[in-house]
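Each chain, written out:
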Amino acid sequence: MKNLDKVDKRVEKTRSAIILAFKEMIIEKDFNQLTVKELAQRANINRKTFYLHYQSLDEILFDLTLEVSDLLFESLNEKGFFNPDCYDINILVNTIDETINANYDLTKRIVSANSYHFFARNVKDIVKESFINKLKRKVNMDEYLMNMVGEFIASGLAKMLKEWFIKPSKLSSKELSMVVSSFIYGGLKAVMDLNKNNSFKN
């Protein structure tokens, strides 16, 4: 058992080094400039070791996509945002602000660089699906309507982040988070009220 623990820790340490090196390269370079050779050098491993953990750079990108979205939703879960009786907008504001600042340079690069638009789209899609799955615990809503709400939340968040990063703004990340959260919370509440009053039924 101890040997297995040692192996697991080594694997985790190596994968963490690969992910960290990959993040640094994303901030510095366009995706088509990234190479396994440079990544291995930065992570202090050889190419053979790299391929024991990942088959390609695309596979690391997928793991990183999950990491970015998990950071947001794990924090929201811990703070009880998706509990059926919780409607505290401050939880959403603080969590979005924390998520932006936890990986500021990486987030900026992902949402504003054209070479990573596909990455931003993948993150958006995962955020959308995660919001839908979590909101099902909180809201009784038609599946089609729930899908539209999820798209509104995820796309709105992505677009507002991009606008904030690429154009000079006097808004702090906290103020941006308040604006984003107000749109999300206000829109969600309005749709919930309409749904509750059967306004969408013929």
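Residues numbered from 1 in each chain as written. Predicted model: local features only at pLDDT ≥ 70, side-chain atom pairs only at ≥ 80, totals over all residues. Heavy atoms only, no water.

Digging into the overall build of the protein chain
Quick note on the threshold: Put simply, DSSP H or I for four residues or longer makes a helix, DSSP E for two residues or longer makes a strand, and each gets a number counted from the N terminus. To sort residues, take the accessible area from a 1.4 Å probe on protein chains only and compare it with the maximum for the residue type: under 20% means buried, over 50% means exposed, and anything in between is partly exposed. To be clear on the numbers: accessible area is Shrake-Rupley with a 1.4 Å probe, and residue cover counts the displayed protein chains and nothing else. For this count, His and the chain ends are skipped, Lys and Arg are scored as positive, and Asp and Glu as negative. Charge coordinates come from a single atom per side chain, which is NZ of Lys, CZ of Arg, CG of Asp or CD of Glu.
A count of helical and extended segments in the protein chain gives nine helices and zero strands. From first element to last, N terminus to C terminus, the protein chain shows the α and β order α-α-α-α-α-α-α-α-α. If you line up the protein chain on its principal axes, its C-alpha atoms span 60 × 50 × 30 Å. Looking at the 202 residues of the protein chain, the share that counts as buried comes to 41%. Counting every atom, the protein chain has about 12100 Å² of accessible surface; 52% of that belongs to carbon and sulfur. When the 30 positive and 27 negative side-chain charges of the protein chain are each reduced to one mean point, those points stand 3 Å apart.

What to know about helix α8 (residues 143–166)
This is how it is decided: By definition here, a helix of n residues has an expected span of 1.5 Å times n minus one.
Taking 1.5 Å of rise per residue, 24 residues should cover 34 Å, and α8 covers 35 Å from first to last C-alpha, within 8% of that figure. Buried within α8 we find L145, M146, V149, G150, I153, A154, S155, L157, L161, W164 and F165.

Remarks on the packing of aromatic side chains
Let me state the cut-off plainly: Stacked, tilted and edge-to-face are the three classes applied to pairs of Phe, Tyr and Trp rings, where Trp contributes its six-membered ring and a pair requires centres within 6.5 Å; stacked means planes under 30 degrees apart, edge-to-face means over 60, and tilted covers the rest. Cation placement over rings: the criterion is NZ of Lys or CZ of Arg within 6 Å of the ring centroid and within 35° of the ring normal.
For the structure shown, the criterion picks out nine aromatic pairs. Here F31 and Y116 contribute two aromatic rings whose centre-to-centre distance is 6.2 Å and whose plane-to-plane angle is 80°, an arrangement assigned as edge-to-face. With F31 in the loop between α1 (2–28) and α2 (36–42) and Y116 in the loop between α6 (104–112) and α7 (117–135), this residue pair connects regions lying 85 residues apart in the sequence. Taken individually, F31 and Y116 each receive the classification buried, so the pair is uniform in this respect. Taking 6.2 Å as the distance between ring centres and 85° as the angle between the ring planes, the aromatic pair formed by Y104 and W164 counts as edge-to-face. With a gap of 60 residues between them, Y104 in helix α6 and W164 in helix α8 connect regions that are remote in the sequence. Just above the ring of Y54 sits the side chain of R15; from NZ or CZ to the centre is 4.5 Å.

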